[in-house]
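Coordinate inspection notes
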Amino acid sequence: MQSRVGRVTVLRMPVVWTDRHRGHAPEGGYWMGVRLAGDEEPERGDVLRDQLLGAGATIVSAPDLGPDPVLAVHDAAFVDCLRRAHAEWVAAGHLSEPGQPHVVPYIFATPGFSARARPSRPPASIRAEIGLYATDTMTLISDGTYRAACAAVHASVHAADLVADGLPAAYAAVRPPGHHAGPAYFGGSCYFNNAAASAQHLRARGFASVAIVDIDAHQGNGTQEIFWSRGDVLYASVHVDPAAGWYPHFVGYADEIGEGDGLGATLNLPLPPGTGDHEWLAAIEQLLRAAQQHGSEALVVSLGVDAAADDPESPLRVTAGGFRAAGALLGTLGLPTVFVQEGGYDLPRLGSLVLEVLHGFEERHG
Ligand SMILES: [Zn+2]
């Protein structure tokens, strides 16, 4: 049952939050060589929090859980590089030469780059080392990026703890987002994979199998890769078709189904640009059937709302009512559920679209 204050529906699940997100201020990024203003900036987190508070949500502060939850899903050398990156950038004098306040790669260790010289030498400078892990030039590192990315993982893991301790659901209102961050790479505005860390933590807390259902407009290539060969965590995503020219371009096709122990535990449902509520919701129903067939005992939702019709970052056409219906569908599983924020860049509507999903869920969840 929903509790109501006047005409306002109050969210029952806690919103896990951290102020540490503000340290991540990339001030845009380089897209096709051109510096553009970004839409994944501190304002986005604060707008989301204010809209949630305005709707009467209960905010819970995320504890500092240290590096372990990050290392549970990412390679240590990659994590260490992101930890050192900005300080080494400053120490190398790059604030004045060439006059760049953010860590940005200029050389990329693409496959085959050093194939004839293996084992390749460790790069001697951070401006090269970061190219071992960066997948684009849009995902810059500022002074507080590492701490903010860790804090987003901590909030997502804390939400998992709340659910493992008995709450039916919890929502991690985090940035930077995470689902494009893989075992040893970052990109697409993502540094560490919050949803993956949350799912991994649910496994550690005793849920034998976990489903990650990703309704962000873009496929979560990082999450897919982290669990690609594992059968205990299902990755199931609906997203705009990469074959139509959309990020992450190289990944997210329907024939990607996992391998080894993970064969059949990856499901991709790409949709054409312009897709609206009806087909999008039908795809979500298909994802949820897969979660049931997988025997999932807990659910992590990669909750991007950039499939919205007015979002600047995707061509999908989902309405507010569509998001409400998606939440209701997610609630029908009746599973302990952790929502982890991913994309969503139409700031005036960000909080309300998230609330549509969460309210829809609570109206239906047993
Ligand atoms: Zn997205």
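A brief structural summary.

Rules behind the numbers
Residues numbered from 1 in each chain as written. Predicted model: local features only at pLDDT ≥ 70, side-chain atom pairs only at ≥ 80, totals over all residues. Helix = DSSP H or I, 4+ residues; strand = E, 2+ residues; numbered from the N terminus. Rg over C-alpha atoms; globule rule 2.2 N^0.38 Å. Buried ≥ 20, exposed ≤ 12 C-beta atoms within 10 Å, placed from the backbone. Contact = placed C-beta atoms within 7 Å. Axes fitted to C-alpha atoms, helices over the stretch in contact; angles between N-to-C directions. Parallel < 35°, antiparallel > 145°, perpendicular 65-115°, else oblique. Left-handed = near helix turned anticlockwise from the far one by under 90°. Nonpolar A, V, L, I, M, F, W, Y, C, P; charged D, E, K, R; others polar. Pairing = 2+ DSSP bridges. Core = buried A, V, L, I, M, F, W, Y, C linked by C-beta atoms within 7 Å.

**Things to note about the overall build of the chain**
In terms of helices and strands, the chain carries ten helices and twelve strands. Its C-alpha atoms give the chain a radius of gyration of 20 Å, within 12% of the compact-globule value 21 Å for 366 residues. Across its three principal axes, the chain shows a C-alpha extent of roughly 60 × 45 × 40 Å. Counting over 366 residues, the chain shows a buried share of 53%. For the chain, the proportion of contacts with a sequence separation of at least 24, taken over those separated by at least 6, is 77%.

**Some details on the packing of helix 8 (residues 277-294) against helix 9 (residues 320-332)**
Viewed as axis vectors pointing N to C, helix 8 and helix 9 meet at an angle of 15°, and their least axial separation amounts to 10 Å. Judged on the interaxial angle alone, helix 9 and helix 8 are roughly parallel. In this structure, the crossing between helix 8 and helix 9 has a hand that is right-handed. Across the interface between the two elements, Asp277, Trp280, Leu281, Ile284, Glu285 and Leu288 of helix 8 pack against Gly321, Gly322, Ala325, Ala326 and Leu329 of helix 9. Class assignment of the residues belonging to the contact of helix 8 with helix 9 gives a composition of seven nonpolar, two polar and two charged.

**A few points about the environment of Pro105**
Within the element layout of this structure, Pro105 appears in the loop between helix 3 (76-91) and helix 4 (126-129). The class for Pro105 is buried, based on 22 C-beta atoms found within 10 Å.

**Some details on unusual backbone geometry**
In the segment running from Glu97 into Pro98, the intervening peptide bond is cis, with an omega of 20°. Mapped onto the fold, Pro98 is located in the loop between helix 3 and helix 4. The omega angle of the peptide bond from Tyr247 to Pro248 is 10°, so this bond is cis rather than trans. Relative to the helices and strands, Pro248 is located in the loop between strand 9 (233-240) and strand 10 (266-271). Here His249, not a glycine, exhibits a phi torsion of approximately 60°, which is positive. The residue His249 is located in the loop between strand 9 and strand 10 in this model.

**Regarding the sheet that holds strand 10**
Pairing between the strands of a sheet is mediated by backbone hydrogen bonds and can be parallel or antiparallel. With parallel pairing, eight strands are arranged side by side in an open sheet as 6-3-7-12-11-8-9-10. Single-partner strands in this sheet number two, and they are strand 6 (59-61) and strand 10. Taken pair by pair, the neighbouring strands of this sheet meet at an average axis angle of 20°, ignoring direction. With five bridges connecting them, strand 8 (residues 210-214) and strand 9 associate as parallel partners. Of the residues in strand 9, the one forming a bridge with Asp214 is Ser237. In the packing of helix 5 (residues 145-164) onto the sheet, the strands contacted are strand 3 (15-17), strand 7 (169-172), strand 11 (298-303) and strand 12 (337-341), and the crossing angle to strand 7 comes to about 175°.

**Side note on the nonpolar core**
Counting 111 residues, the largest nonpolar core has Ile212, Val213 and Leu287 as the members making the most contacts within it. Top contributing element to this core by residue count: helix 5, with 13 residues. Excluding residues within four positions of it along the chain, Leu287 makes contact with Val213, Ala236, Val238, Leu267 and Leu269.

**Digging into the pairing of strand 7**
Covered by surrounding structure in strand 7 are Ala169 and Tyr171 together with Ala170 and Ala172, the residues of both alternating faces. Bridge count between strand 3 and strand 7: two bridges; the pairing is parallel. Considered in strand 7, the bridge of Val16 is made with Ala172. Pairing between strand 7 and strand 12: four bridges, direction parallel. Residue Ala170 lies in a different strand from strand 12, and its bridge partner there is Val338.

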